[in-house]
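Chain residues, written in single-letter form:
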Amino acid sequence: MFTRALTRWRPAILALLALVGCTPAAARAAEDGGVAAASDGWVPNEDDSWLFDLRSGAYRLGGGVRGYQTPQGICVDLGDMVLALDLSLRIDRKLRRATGWVFDERRTLTIDREAGEVRAGSQRLRIAPGAIRDTAAGWCVDLESLDTWLGLPIAADLSNAVLRIDAAEKLPFQLAAERRARAAALRPQVSFDLASLPQARRPYRAWTPPSVDVVASASAVADRRGGSHVQAGYELFAAGEALGHSVDARLSSDNRGVPDSLRLRLYRTDPEGRLLGPLQATHYAVGDVGLLSTGLVAQSAPGRGAVVTNRPVERPDSFDRTDFRGDLPAGWDAELYRNGQLLAFATPGADGRYEFLDVPLQYGSNRFEIILYGPQGQIRREIKQLQVGIDSIPPRQTWYWAGIAQENADLVEFGGRHATFRRGWRGTLGLERGLDARTSVAA
């Protein structure tokens, strides 16, 4: 009798067990430390595991990518791919989401496993069964799905344990290598006139929400002989407007994540010379500033202090030379172009700045473009236009410039670790008077 009843209720019992096995709690077992079987019964094991080299052309990327052989093909660890390609993508295993962008800040990517969809830019794609599998290391993503989401052709060469990327567009690391090659082969420049281009002016505001960039890094080393240590550092950059002034700020830390220095500059610029009342200044700044250079005795220098001048905004400090300085995050590169021709290349120094000093000027219009390149494909541009000769001081006009600063000192330095690099306080005061159309005197 019992055997007949068991036979009769066997389909119902099996259906109930299957339903219990497909509950969300079982599906999230992998997220809590265990690894649940996939819908096709596949479970990760050492016999199916792979360790691939990721290559693109002649370049080897990262330190290896883990993967598995599944019934659908090869899947690779998403976290390893993010590290190897240096993607700006954050994986949250608890929320079962991955968000960020791929090679370009406009190419956003969101992988939402709860909703079962992927948003790649303006596209919405369904996550196919078996496209993402849970392993002890994290998410193992099917290669075909990863190709579609990242927009990269990734092919697996199982005989050599290699993943190859043959992308039509150049990846950020390839562009960085080309920039260094261009920097090694600088050529004479070709000038052209841009003086007739129109200008667009935007009035200052009492408050503009700042734009913020964060550059952070962390590393952990476990070594039985050398010991274990953890390092973490960050740089925060902010730019906005406050009280009718432009504001730039940079906060950086040491290798332990402790705040190290703060740079803050409050400045205002008016090409018409209507600043500071009777001084009729065209530019003034306080905080982290750069002193103006003079053709006789001094070059420009960064430090904490103040500067003011009534000289035209686009006039160089010296007749045939000029300097450019600015903040440059760790891992970024900077290029300097004049009239479209590459002049110089720079990487960040210990103080987190780029410097292009004693840049020669040509007679006439000099259009400079400083381009900053980030490791994940970010691009920032700054354009300055300087005139030589044709914008000399007019007759019977007087230009002045003045500044004082503690050289090579940030506005706020925590812990006093920077005192050995300072060179004390220095000041600059200059006057220039136009005598006639071809003669001027300066002191």
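Predicted, not measured: the structure shown is a model, and the values here were computed from it. (Residues numbered from 1 in each chain as written. Predicted model: local features only at pLDDT ≥ 70, side-chain atom pairs only at ≥ 80, totals over all residues. Heavy atoms only, no water.)

**Q** Outline the overall build of the protein chain, listing residues and values.
**A** Scanning the protein chain for helices and strands turns up 5 helices and 28 strands. When the 443 residues of the protein chain are sorted by exposure, 39% land in the buried category. Taking as baseline every contact in the protein chain between residues at least 6 positions apart, the subset at least 24 positions apart corresponds to 54%. Surface accessibility of the protein chain: about 25500 Å² in total, with carbon and sulfur atoms responsible for 55%. (Helix = DSSP H or I, 4+ residues; strand = E, 2+ residues; numbered from the N terminus. Buried < 20%, exposed > 50% of the residue type's maximum accessible area, 1.4 Å probe, protein only. Contact = heavy atoms within 4.5 Å. Areas by Shrake-Rupley, 256 points an atom, 1.4 Å probe, with all protein chains shown as cover.)

**Q** Quick rundown of the confidence of the model for the protein chain? Include the residues and the values.
**A** When pLDDT is low, close inspection of the predicted coordinates is not appropriate. Overall, the prediction assigns the protein chain a mean pLDDT of 80, with 83% of residues at 70 or greater. Predicted confidence for residues 17-33 stays below pLDDT 50, and this span has 18 contacts to residues more than four positions away or in other chains. (pLDDT = per-residue confidence, 0-100.)

**Q** Tell me about the packing of aromatic side chains, and please be specific about residues and values.
**A** For the structure on display, the rule yields 4 aromatic pairs. Measuring from ring centre to ring centre gives 4.9 Å for Phe-324 and Phe-368, while their planes differ by 55°; the resulting arrangement is tilted. Separated by 44 residues along the polypeptide, Phe-324 in strand β19 (residues 321-327) and Phe-368 in strand β23 (residues 364-373) bring together distant segments of the chain. In this pair, the class of Phe-324 matches that of Phe-368, namely buried. Plain terms: the ring middles of Tyr-354 and Phe-356 are 5.6 Å apart, the flat faces sit at 40° to each other, and that makes the pair tilted. Assessed through its relative accessible area of 3%, Tyr-354 is described here as buried. Lying over the aromatic face of Tyr-267, Arg-265 brings its terminal NZ or CZ to 3.9 Å of the ring centre. (Phe/Tyr/Trp six-rings, centres within 6.5 Å; stacked < 30°, edge-to-face > 60°. Lys NZ or Arg CZ within 6 Å of the ring centre and 35° of its normal.)

**Q** Would you mind going over the state of the cysteines in detail, with residue names and values included?
**A** A full pass over the atoms with the stated rule returns 1 disulfide. The disulfide partner of Cys-75 is Cys-140, and the gap between their sulfur atoms is 2.1 Å. Measuring the twist about the S-S bond at about 95°, one finds the Cys-75-Cys-140 disulfide to be right-handed. Taken as a pair, Cys-75 in strand β3 (residues 73-77) and Cys-140 in strand β10 (residues 139-142) lie far apart in primary sequence, 65 residues in all. Cys-140 matches Cys-75 in its accessibility class, with the two residues each being buried. (Disulfide = S-S within 2.5 Å.)

**Q** Explain the pattern of salt bridges residue by residue, including any values.
**A** If you walk through the whole model with that rule in mind, you get 26 salt bridges. Across the pair Arg-66 and Asp-80 runs a salt bridge whose closest N-O atoms are separated by 2.8 Å. Here Arg-66 is found in strand β2 (residues 59-70), whereas its partner Asp-80 is found in helix α3 (residues 78-85), with 14 residues between them in sequence. For Arg-66, a relative accessible area of 40% corresponds to the partly exposed category. Assessed through its relative accessible area of 11%, Asp-80 is described here as buried. A salt bridge links Glu-114 to Arg-96; its shortest N-O distance comes to 3.0 Å. Of the two residues, Glu-114 sits in the loop between β6 (104-112) and β7 (117-120) while Arg-96 sits in the loop between β4 (88-92) and β5 (97-102), which places them 18 residues apart along the sequence. Note on Arg-96: relative accessible area 10%, which makes it buried. Within the structure, one salt-bridge network assembled from shared partners comprises Asp-53, Arg-55 and Arg-60. (Salt bridge = Lys/Arg side-chain N within 4 Å of Asp/Glu carboxyl O.)

**Q** How would you sum up helix α5 (residues 172-183)? Please name residues and give values.
**A** Taking 1.5 Å per residue as the helical rise, α5 with its 12 residues ought to reach 16 Å, and the 17 Å between its terminal C-alpha atoms agrees with that figure. If you check which residues of α5 are buried, you get Pro-172, Gln-174, Ala-176 and Arg-179. Where α5 is buried, its residues contact β1 (49-56), β2, β20 (333-338), β21 (341-346) and β23. (Expected span 1.5 Å × (residues − 1).)

**Q** Account for the pairing of strand β14 (residues 229-242), with residues named and values stated.
**A** Across a regular strand the side chains alternate sides, sitting on one face of the sheet and then on the other. Here strand β13 (residues 207-221) runs beside β14; their pairing, made up of 13 bridges, is antiparallel. Of the residues in β14, the one forming a bridge with Val-212 is Ala-238. Sheet analysis places β14 next to strand β15 (residues 245-253), joined by 8 bridges and oriented antiparallel. Each residue of the ladder has a partner; that of Ala-238, found in β15, is Ala-249. What sits between the antiparallel neighbours β14 and β15 is a turn of 2 residues, in which Leu-243 has the positive phi angle 55°. (Pairing = 2+ DSSP bridges.)

**Q** Can you lay out the environment of Arg-202 for me, pointing to particular residues and giving the numbers?
**A** Mapped onto the elements, Arg-202 comes out in the loop between α5 and β13. Discounting chain neighbours no more than four positions away, the residues touching Arg-202 are Thr-208 and Glu-241.

**Q** Can you lay out the sheet that holds β1 for me, pointing to particular residues and giving the numbers?
**A** Reading across from one edge, β9-β10-β3-β2-β1-β12-β11 is the order of the 7 strands in this open sheet, with mixed pairing throughout. One side of each edge strand has no neighbouring strand; the edge strands of this open sheet are β9 (132-134) and β11 (154-157). Within the sheet, the average angular offset between the axes of one strand and its neighbour, ignoring direction, is 35°. The sheet strands contacting helix α4 (residues 143-150) are β3, β9, β10, β11 and β12 (162-165), and the helix crosses β10 at an angle near 85°. Sitting on the sheet, α5 touches β1 and β2, and the angle it makes with β2 is about 165°. (Axes fitted to C-alpha atoms, helices over the stretch in contact; angles between N-to-C directions.)

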